[in-house]
Every structure is written in C-alpha cells, then in structure tokens.
Amino acid sequence: MTALPEYARPLTSAEYAALPEDIDARFELQEGNRVMSPSPVPRHQLGHFRLAAQLDAQLPGHVVLQEVDIDLELVPPDQPGTVRVPDVVVVPREAFQRVDEHGGLLRASDVSLAVEILSRGSVRTDSRIKHEEYADAGIGHYWMIDLLDGPSLVACHLAGAFGYRDDEPVRGTVVTRAPFPLRIDLDALLA
C-alpha cells in the first residue's frame, strides 16, 4: 500500500504556508485543497509586470507584489483554508515587513488592491469565484484586467452586504481616486 503525503488531506492556511516552496508548479489553496494553475503565457506576464511597474512608481508608501500568496481568512485558522495568488497586489509596507520578519502569509486584511489579469483558462475563476472570495474576505478593491478583449479594466469595490459593485469596463487611460489616486495607461501594458 502506498502512503499518501500528509498534505493529501485538506490543509489549513498555516499548513499550506509551511509547505516547501515548489518552483516547478503554481498552486493555490481552495477550501483546504491544493489546486494547480498553469503558468501564465508571455502576454499575461508582460501585462502584469508592466501594471506592477506603473503602480509601484505611483505608490511609494506601499509595496506592489506579483503572484504572492494571500490568506483570505474565510474560516477559523484550524479549518481548511483558502489561499489565493493574485497577479498583482498592493499592501502597506508594514504588512510586507511583518511577513518578511516573522514569516507566514499576507492576509486579505493587508490587501489594499488585488488585481487579476484574465486569461483564457481563468476567466470564470477570476470573474466569478475569486470575485466572490475576495469580496467575502473584505478586500476593498479588486481589478479585473482583460488583455484578450481590450485591454480594459473593471474596477470592483465593496458595496456592503452585496459584495462588490463593478464599474463599467474602461479602456485607454484609467484615472481613479480609490483606493489611491492613480493613473494607469492600459495600452502600455502590451506596448
């Protein structure tokens, strides 16, 4: 009989964070189960790299990270957890320093902005599942960027018990005051 690895059972977020780093695959934790997602195609990678650069240049008091684990804290710590890996997140410098010094994961409550760039294989996950999970986790601002039919950006912000309110898609240059004063050139994501 073959013994299953210990993590074959549903994991808490802390157990997931304690797993060794896997450089050969990309995983998220969905209700305690490790879910593998394919590596992004070059167009997707270029888009989120350039978005992160635009955000980083405008947000000196924050840290802009790409593809980092976020504990959504949707359940008590001893229950099977959910950890997502947004394409780009903005967190306060203090949250980054806490994780850098003490370990663990960034938390949903640390995230000022989460961004997903839609891919052919992730449209439903990003626009439905993560949309609901990020709202349930209390992430105040969530952007969905469509490079396939765009580029365009849909800004979502918490609207009380109803989850996110989604703005109409914007093309060209996005100028916003929330969650920060920002100017994002969407066409430059692929130029």
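Up top is the structure.
What counts, and where the lines are drawn
- Residues numbered from 1 in each chain as written.
- Predicted model: local features only at pLDDT ≥ 70, side-chain atom pairs only at ≥ 80, totals over all residues.
- Heavy atoms only, no water.
- Helix = DSSP H or I, 4+ residues; strand = E, 2+ residues; numbered from the N terminus.
- Rg over C-alpha atoms; globule rule 2.2 N^0.38 Å.
- Contact = heavy atoms within 4.5 Å.
- Areas by Shrake-Rupley, 256 points an atom, 1.4 Å probe, with all protein chains shown as cover.
- Lys, Arg positive; Asp, Glu negative; His and termini not counted.
- Charge placed at Lys NZ, Arg CZ, Asp CG, Glu CD.
- Expected span 1.5 Å × (residues − 1).
- Buried < 20%, exposed > 50% of the residue type's maximum accessible area, 1.4 Å probe, protein only.
- Arc of directions from axis to C-beta.
- Polar contact = N/O pair within 3.5 Å; in protein donor to acceptor, adjacent residues only side chain to side chain.
- Salt bridge = Lys/Arg side-chain N within 4 Å of Asp/Glu carboxyl O.
- Phe/Tyr/Trp six-rings, centres within 6.5 Å; stacked < 30°, edge-to-face > 60°.
- Lys NZ or Arg CZ within 6 Å of the ring centre and 35° of its normal.

Q: Which residues make up the overall build of the protein, and what values do they have?
A: Check the secondary structure of the protein and you find four helices and 14 strands. For 191 residues, the compact-globule estimate of 2.2 N^0.38 gives 16 Å, and the C-alpha radius of gyration of the protein, at 17 Å, lies within 12% of that figure. With the C-alpha coordinates of the protein rotated into their principal frame, the extents come out at 60 × 35 × 30 Å. When contacts within the protein are restricted to residue pairs at least 6 apart in sequence, those whose partners lie at least 24 apart make up 54%. Carbon and sulfur atoms form 52% of the exposed surface of the protein, whose accessible area is close to 10600 Å². Distance between charge centroids for the protein: 5 Å, based on 17 positive and 30 negative side chains.

Q: I'd like a description of helix 2 (residues 42-58), backed by residues and values.
A: For helix 2, which comprises 17 residues, the first-to-last C-alpha distance of 25 Å matches the rise-based estimate of 24 Å (1.5 Å per residue) to within 8%. Of the positions making up helix 2, those classed as buried are H44, G47, H48, L51, A52, Q54 and L55. Buried positions in helix 2, seen along its axis, are confined to an arc of 160° and lie on one side of it. Exposed and oriented more than 90 degrees from the buried face of helix 2 are P42, F49 and A57. On the buried face of helix 2, the contacting elements are strand 3 (62-66), strand 6 (88-92), strand 8 (113-118), strand 9 (141-146) and strand 14 (182-185).

Q: Please provide a residue-by-residue account of the side chain of E116, values included.
A: Within the secondary structure layout, E116 lies in strand 8. E116 sits in the buried class, given a relative accessible area of 2%. Looking at E116, its side chain comes within polar contact range of the side chain of K130, at 3.1 Å.

Q: Outline the pattern of salt bridges, supporting the account with residue identities and numerical values.
A: Tallying each qualifying case throughout the model produces eight salt bridges. One salt bridge connects K130 with E28, and the closest N-O pair in it is separated by 2.9 Å. Residue K130 is found in helix 4 (residues 123-136), and its partner E28 is found in strand 1 (residues 26-30); the two are separated by 102 residues along the sequence. The residues K130 and E28 share a single accessibility class, namely buried. Residues joined by salt bridges that share partners form a network here, namely E28, R84, E116, D126, K130 and E133.

Q: Provide a residue-level description of the packing of aromatic side chains, including the pertinent values.
A: Using the criterion set out here, one finds two aromatic pairs in the structure. Aromatic pair Y134 and Y142: ring centres 4.9 Å apart, planes at 85°, arrangement edge-to-face. Judged by relative accessible area, which is 0%, Y142 ranks as buried. Through a chain of ring-to-ring contacts, three or more aromatic side chains come together here, namely Y134, Y142 and Y164. For R34, the ring lying beneath its charged end belongs to F27, and the centroid distance is 3.9 Å.

Q: Break down unusual backbone geometry for me, citing the residues and quoting the values.
A: For the peptide bond that leads from A178 to P179, omega is 5°, which places it in the cis range. On the secondary structure map, P179 appears in the loop between strand 13 (173-176) and strand 14. Backbone geometry places E67, a non-glycine residue, at a positive phi of 50°. Here E73, not a glycine, exhibits a phi torsion of approximately 50°, which is positive. Tracing the backbone shows E73 in the loop between strand 4 (70-71) and strand 5 (83-84). Look at E73 and you get partly exposed, because its relative accessible area is 40%.

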